[in-house]
2 protein chains.
Amino acid sequence: MSDLKDLMEKLQVKPGEKAKLKDRDPRDLSFFDEEEETKGATAALAKEIDVLQDRLYAEGSRSLLVVLQGTDTAGKDGTIRGVFNSTGPLGVIVTPFGPPTRTELAHDYLWRIHAACPRRGTIGIFNRSHYESVLIEKVKKLSPAKDIEQRYDEINAFEKHLAENGTTILKFMLHISKSEQKERLQERLDDPTKNWKFNPADLEDRKLWDEYQEAYETMLHRCSTPWAPWYVIPANRKWVRNAAVARIVKGMLEAMDPQYPKPNWNPGDFTIL
Amino acid sequence: MSDLKDLMEKLQVKPGEKAKLKDRDPRDLSFFDEEEETKGATAALAKEIDVLQDRLYAEGSRSLLVVLQGTDTAGKDGTIRGVFNSTGPLGVIVTPFGPPTRTELAHDYLWRIHAACPRRGTIGIFNRSHYESVLIEKVKKLSPAKDIEQRYDEINAFEKHLAENGTTILKFMLHISKSEQKERLQERLDDPTKNWKFNPADLEDRKLWDEYQEAYETMLHRCSTPWAPWYVIPANRKWVRNAAVARIVKGMLEAMDPQYPKPNWNPGDFTIL
């Protein structure tokens, strides 16, 4: 297992970098040991994340926002289960962003996002996010090109605002290959317990694979900032994906180093009758 | 370990029953085996709850609402950790209810409650709840007695509405003794990692212990209904508390028996290119 700093360095899109997804291997194994060992390490990390989350909650002054993006079947739900199941629901809130409702459409595209940002002391996980506004909306031309062009800078400004006000941001793009997506869609057709996840519309999106990859590249290029960098996670193998995300989340929480608040009283001040 | 039906029968307040908390032993061990064995069984139950929750999520048509009430230090947070940590944050949402904000006070007392009810397919956990409106508000006379008297029936009608619209409701009162509370408050004073949980105002509430117990009894008597019964959980021992709640939650999810939805297509209808 390699160094966390190396891992982050390798997976991060540097501010200003023109990220080419073809140069990033979704099957990359170079940062991990053998599968079973890595799974054990991830389970241990998940428990450490739980402990750090408890301190973050106690401290009550900062928050962590984890943004998950990826094509259909990229494994957003699976990442949440794999990395955060030991952390439990106390102090961790997942917000899935589907197509905007009529009420949401009556506001600007960041309105519902801002409303769902994690309160102090908590970890917020966005299952899809404001980035849909420069992905599906761009590929399917749901908004004028001029509006979409403005959004990259708007999003950067919004995230800077969050970062300056106590929210640490981690953005993960779960990167799978086109052939891996085919296998996963086929599994949803074949496995009765996964049928419910199959959406015929996903096949329409699959036809636009290249357009989506290009929109992702533009997003990575324009919106990887010093205050909210993107990480491209090799996600063809679920255990590699979970291991990479868990290590980065745990490393970031450790760097935040949340502290139990010091009381402004002494135990002797009180007598419990 | 005794039968689930017996356990539920014993802990449930029957509709119309005048519950006497003094007759319910917060140290009751009669329903459980030895401590280590019970803890292992609870961990196994937590994993089964996770599997059932996944089916509930897939089914997407019903929800489960878990209401947790109890005096300060009764262990509401601990119950959530103990029973739901394996279930993770995907599909489980915890809502803590503190003193109402100015916006919330500008509405009726059920407004913020209704807004936080779990969406279909999810489990919602209320850490405190609408019952504060007949507990602290009654004991501290924060609302007119006439208003509070009306609330029991209003709450029953509200919960009936939820039940008839697809929400299964489980209400747990975590029952601890006055001496157990003393120990736990002292621990918060003495243990630096627990100092942040200590609130001097809790000592004021402790002086009103008897008044609170009486308000709880009235709540149990008036609001244990066929569609949303109260369970009084012996909570002096954390492992007993978690075991009892886990068994009832798991039993209820099993009785709900959520199903993976049947697709309205055949796998052969689609070819993935």
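So, here's what we can say about the structure. Fair warning: this is a prediction, and the values are worked out from it, not measured in the lab.

## Focus on unusual backbone geometry
Phase 1 of the analysis: Positive phi values are uncommon outside glycine, yet Thr73(A) reaches one of about 70°.
Phase 2 of the analysis: Along the chain, Thr73(A) falls in the loop between strand 1 (63-70) and helix 3 (76-84).

## Description of the packing of aromatic side chains
Phase 1 of the analysis: Taken as a whole and judged by the stated rule, the model has 14 aromatic pairs over all chains.
Phase 2 of the analysis: Considering the side-chain rings of Tyr57(A) and Trp196(B), the 5.9 Å spacing of their centres and the 85° angle between planes classify their relative orientation as edge-to-face. Here Trp196(B) lies in the loop between helix 8 (178-190) and helix 9 (201-207) and Tyr57(A) lies in helix 2 (residues 35-59), a pairing that spans two chains.
Phase 3 of the analysis: Judged by centre distance (5.9 Å) and plane angle (35°), the rings of Phe172(B) and Tyr231(B) are tilted. On the criterion of sequence distance, the pair formed by Phe172(B) in strand 4 (residues 167-175) and Tyr231(B) in strand 5 (residues 230-234) is long-range, its members being 59 residues apart.

## Description of the relation of the copies chain A and chain B
Phase 1 of the analysis: Between chain A and chain B, which share one sequence, the superposing operator has a rotation angle of 180° and an axial displacement of 0.0 Å; the RMSD is 0.0 Å. This pairing of chains is accounted for by a two-fold axis.

## Overview of the sheet that holds strand 2 (residues 92-96) of chain B
All names here are of chain B.
Phase 1 of the analysis: Ordered in space as 2-3-1-4-5, the five strands form an open sheet in which the pairing is parallel. What marks the edges here is a single partner per strand, and that holds for strand 2 and strand 5. Each adjacent strand pair in this sheet contributes to an overall mean axis angle of 20°, direction not counted.
Phase 2 of the analysis: The pairing of strand 1 (residues 63-70) with strand 4 spans eight bridges and is parallel. Directly across from Leu65, in strand 4, lies its bridge partner Ile169.
Phase 3 of the analysis: Helix-sheet contacts for helix 7 (residues 145-164) involve strand 1 and strand 4, and the interaxial angle to strand 4 is about 135°.

## Some details on the state of the cysteines
Phase 1 of the analysis: Inspection of the entire model under this criterion finds zero disulfides over all chains.
Phase 2 of the analysis: Not part of a disulfide, Cys117(A) finds its nearest cysteine sulfur in Cys223(A), a span of 15 Å.

## Description of helix 2 of chain A
Phase 1 of the analysis: In this model helix 2 of chain A runs 36 Å from its N-terminal to its C-terminal C-alpha over 25 residues, within 8% of the 36 Å that 1.5 Å per residue would give.
Phase 2 of the analysis: Here helix 2 of chain A has its buried residues at Thr38(A), Thr42(A), Leu45(A), Ala46(A), Ile49(A), Asp50(A), Leu52(A), Gln53(A), Leu56(A), Ala58(A) and Glu59(A).
Phase 3 of the analysis: On the buried face of helix 2 of chain A, the contacting elements are strand 1, helix 3, strand 2 (92-96), strand 3 (123-127) and helix 11 (238-256) of chain A together with helix 3 (76-84) of chain B.
Phase 4 of the analysis: The N-cap residue of helix 2 of chain A is Glu34(A): its side-chain oxygen and the backbone nitrogen of Glu36(A) are 3.0 Å apart.

## Considerations on the interface of chain A and chain B
Phase 1 of the analysis: Residue-level contacts link 41 residues of chain A with 41 residues of chain B.
Phase 2 of the analysis: Of the roughly 3,800 Å² buried between chain A and chain B on both sides combined, carbon and sulfur atoms contribute 67%.
Phase 3 of the analysis: Scanning the region where chain A abuts chain B turns up four salt bridges.
Phase 4 of the analysis: For Asp54(A), the salt bridge is made with Arg81(B), and the minimal N-O distance between the two is 3.1 Å.
Phase 5 of the analysis: Our count for the contact surface shared by chain A and chain B stands at eight residue pairs in polar contact (both at pLDDT 80 or more).
Phase 6 of the analysis: Among the elements of the structure, helix 2, helix 3, strand 2, helix 8 (178-190) and helix 9 (201-207) of chain A are those that each provide at least two residues to the side of chain A that touches chain B.
Phase 7 of the analysis: Per-element tally for the side of chain A that touches chain B: the top contributor is helix 8 of chain A, with six residues.

## So, the sheet that holds strand 4 (residues 167-175) of chain A
All names here are of chain A.
Phase 1 of the analysis: With parallel pairing, the five strands of this open sheet are ordered in space as 2-3-1-4-5. A single partner strand is all that each edge strand has here, and the edge strands are strand 2 and strand 5 (230-234). Within the sheet, the average angular offset between the axes of one strand and its neighbour, ignoring direction, is 20°.
Phase 2 of the analysis: Relative to strand 3, strand 2 runs parallel, the two sharing five bridges. Bridging from a neighbouring strand, Thr95 pairs with Phe126 of strand 3.

## Examining the packing of helix 3 of chain B against helix 11 (residues 238-256) of chain B
Residues and elements named next belong to chain B.
Phase 1 of the analysis: Where helix 3 meets helix 11, the axes come as close as 9 Å, and the angle between the chain directions of the two elements is 55°. By the angle between their directions, the pair helix 3 and helix 11 is classed as oblique. In this structure, helix 3 crosses over helix 11, and the sense of that crossing is right-handed. Counted together, Gly78, Thr79, Gly82, Val83 and Phe84 of helix 3 and Arg241, Asn242, Val245, Ala246 and Val249 of helix 11 form the full contact between these two elements.
Phase 2 of the analysis: In terms of residue class, the contact of helix 3 with helix 11 is built from five nonpolar, four polar and one charged.

## Quick look at the packing of helix 2 of chain A against helix 11 of chain A
Residue and element names in this part refer to chain A.
Phase 1 of the analysis: It is at 9 Å that the axes of helix 2 and helix 11 come closest, and there the two elements cross at 30°. Taken as axis vectors, helix 2 and helix 11 run roughly parallel relative to one another. Where helix 2 crosses over helix 11, the two elements pack in a sense that is left-handed. Between helix 2 and helix 11, the residues in contact are Glu35, Thr38, Lys39, Thr42, Leu45, Glu48, Ile49, Leu52 and Leu56 and Trp239, Asn242, Ala243, Ala246, Arg247, Val249, Lys250, Leu253, Glu254 and Met256, respectively.
Phase 2 of the analysis: Looking at the contact of helix 2 with helix 11 residue by residue, the class counts come to ten nonpolar, three polar and six charged.

## Things to note about the pattern of salt bridges
Phase 1 of the analysis: As enumerated under the stated definition, the model contains 48 salt bridges over all chains in all.
Phase 2 of the analysis: Two residues, Asp28(A) and Lys10(A), come together in a salt bridge whose shortest N-O distance is 2.9 Å. Taken together, the residues span a long stretch of sequence, with Asp28(A) in the loop between helix 1 (4-11) and helix 2 and Lys10(A) in helix 1 at a distance of 18 residues.
Phase 3 of the analysis: A relative accessible area of 16% means that Asp28(A) is categorised as buried.
Phase 4 of the analysis: The partner of Asp50(B) in a salt bridge is Arg81(A), and the shortest N-O contact between them spans 3.0 Å. Residue Asp50(B) is found in helix 2 (residues 35-59), and its partner Arg81(A) is found in helix 3; the two belong to separate chains.
Phase 5 of the analysis: By sharing partners, the salt bridges in this structure join Glu35(A), Glu36(A) and Lys39(A) into a single network.

## With respect to the pairing of strand 3 (residues 123-127) of chain B
All names here are of chain B.
Phase 1 of the analysis: With five of its five residues buried, strand 3 lies for the most part within the structure.
Phase 2 of the analysis: Judged by which residues are buried, strand 3 turns out to be covered on both faces: Ile123, Ile125 and Asn127 on one side and Gly124 and Phe126 on the other are all buried.
Phase 3 of the analysis: One ladder, built from five bridges, connects strand 1 with strand 3; its direction is parallel. Considered in strand 3, the bridge of Leu65 is made with Gly124.

## A few points about the side chain of Glu59(B)
All names here are of chain B.
Phase 1 of the analysis: Within the secondary structure, Glu59 sits in helix 2.
Phase 2 of the analysis: Separated by 3.2 Å, the side chain of Glu59 and the backbone nitrogen of Gln259 make a polar contact.
Phase 3 of the analysis: Each residue touching Glu59, except ones within four places of it in the same chain, is listed here: Asp257, Pro258, Gln259 and Pro261.

What counts, and where the lines are drawn
- Residues numbered from 1 in each chain as written.
- Chains lettered and ligands numbered in written order.
- Predicted model: local features only at pLDDT ≥ 70, side-chain atom pairs only at ≥ 80, totals over all residues.
- Heavy atoms only, no water.
- Helix = DSSP H or I, 4+ residues; strand = E, 2+ residues; numbered from the N terminus.
- Phe/Tyr/Trp six-rings, centres within 6.5 Å; stacked < 30°, edge-to-face > 60°.
- Least-squares fit on C-alpha atoms with pLDDT ≥ 70 in both.
- Pairing = 2+ DSSP bridges.
- Axes fitted to C-alpha atoms, helices over the stretch in contact; angles between N-to-C directions.
- Contact = heavy atoms within 4.5 Å.
- Disulfide = S-S within 2.5 Å.
- Expected span 1.5 Å × (residues − 1).
- Buried < 20%, exposed > 50% of the residue type's maximum accessible area, 1.4 Å probe, protein only.
- Polar contact = N/O pair within 3.5 Å; in protein donor to acceptor, adjacent residues only side chain to side chain.
- Buried area = accessible area lost by both parts, 1.4 Å probe.
- Salt bridge = Lys/Arg side-chain N within 4 Å of Asp/Glu carboxyl O.
- Parallel < 35°, antiparallel > 145°, perpendicular 65-115°, else oblique.
- Left-handed = near helix turned anticlockwise from the far one by under 90°.
- Nonpolar A, V, L, I, M, F, W, Y, C, P; charged D, E, K, R; others polar.

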